[in-house]
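# Secondary and tertiary structure notes
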Amino acid sequence: MTFETKALLATTAIFEVAAGIALLVVPVLLIPILLGAPLEGLAGLVVVRLLGSALVSFGVVCWFGRRDAPSHAVVGIIAGMLLYNFAAAVLLVSARFWLGMSAFVFLLAALHAALAVWCIACLRRPG
């Protein structure tokens, strides 16, 4: 596995675990900062905490995947990361334009877009 791939997996692990823990612990404080809209209702709270647990799980997969030899499993992890980061970037930009959410979502969208490009670079590079 290349250094670039290991770095992508480690970086993703750190960001996703941190974001996931924050969404689990302080979702009511974090969502207004990230999206510029309040977290409303018990269903919203449950969904955000479910997202937080999924991000922690995703981060753990990336963390352990970084130590793996080049394999189909690592390619699958990175392909999943690509899909997630692309979808997140599109959804966040859509939230800004069509739902009028905070301009801060552009920063989040740019981060996800950059990670998607990094995923593509890792998938194109053998080993």
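So, a few notes on the structure that sits alongside this text.

Criteria and cut-off values
Residues numbered from 1 in each chain as written. Predicted model: local features only at pLDDT ≥ 70, side-chain atom pairs only at ≥ 80, totals over all residues. Heavy atoms only, no water. Axes fitted to C-alpha atoms, helices over the stretch in contact; angles between N-to-C directions. Helix = DSSP H or I, 4+ residues; strand = E, 2+ residues; numbered from the N terminus. Parallel < 35°, antiparallel > 145°, perpendicular 65-115°, else oblique. Contact = heavy atoms within 4.5 Å. Nonpolar A, V, L, I, M, F, W, Y, C, P; charged D, E, K, R; others polar. Expected span 1.5 Å × (residues − 1). Buried < 20%, exposed > 50% of the residue type's maximum accessible area, 1.4 Å probe, protein only. Arc of directions from axis to C-beta. Phe/Tyr/Trp six-rings, centres within 6.5 Å; stacked < 30°, edge-to-face > 60°.

### Quick notes on the packing of helix α2 (residues 27-35) against helix α5 (residues 104-124)
Contact geometry for α2 and α5: axes closest at 6 Å, N-to-C directions at 90 degrees. With respect to each other, α2 and α5 are oriented roughly perpendicular. Side by side, α2 and α5 meet where I33, L34 and L35 of the first sit next to F104, V105 and L108 of the second. Its residues assigned to classes, the contact of α2 with α5 shows 6 nonpolar, no polar and no charged.

### Here's the deal with α5
In this model, α5 (21 residues) spans 31 Å end to end at C-alpha, consistent with the 30 Å of a helix rising 1.5 Å per residue. Listed in full, the buried residues belonging to α5 are V105, L108, A109, H112, L115, A116, C119 and C122. Axial view of α5: buried residues confined to an arc of 140 degrees, hence all on one face. For α5, the exposed residues lying more than 90 degrees away from the buried face are L107, V117 and R124. Looking at the buried positions of α5, the neighbouring elements they touch are α1 (3-25), α2 and α4 (72-99).

### Some details on the environment of V28
Mapped onto the elements, V28 comes out in helix α2. Separated by 13 residues in the primary sequence, V28 and G41 place their C-alpha atoms 10 Å from one another. When neighbours within four sequence positions are excluded, V28 is seen to be in contact with L39 and L45.

### Let's talk about the packing of aromatic side chains
In this structure the tally under the stated criterion is 3 aromatic pairs. Here F58 and Y84 contribute two aromatic rings whose centre-to-centre distance is 5.5 Å and whose plane-to-plane angle is 75 degrees, an arrangement assigned as edge-to-face. On the criterion of sequence distance, the pair formed by F58 in helix α3 (residues 41-65) and Y84 in helix α4 is long-range, its members being 26 residues apart. Ring geometry for F97 versus F106: centroids 5.6 Å apart, planes at 65 degrees, classification edge-to-face. In this structure F106 comes out as partly exposed when scored by relative accessible area, which is 34%. Grouping aromatic residues by their ring pairs yields a cluster made of F97, W98 and F106.

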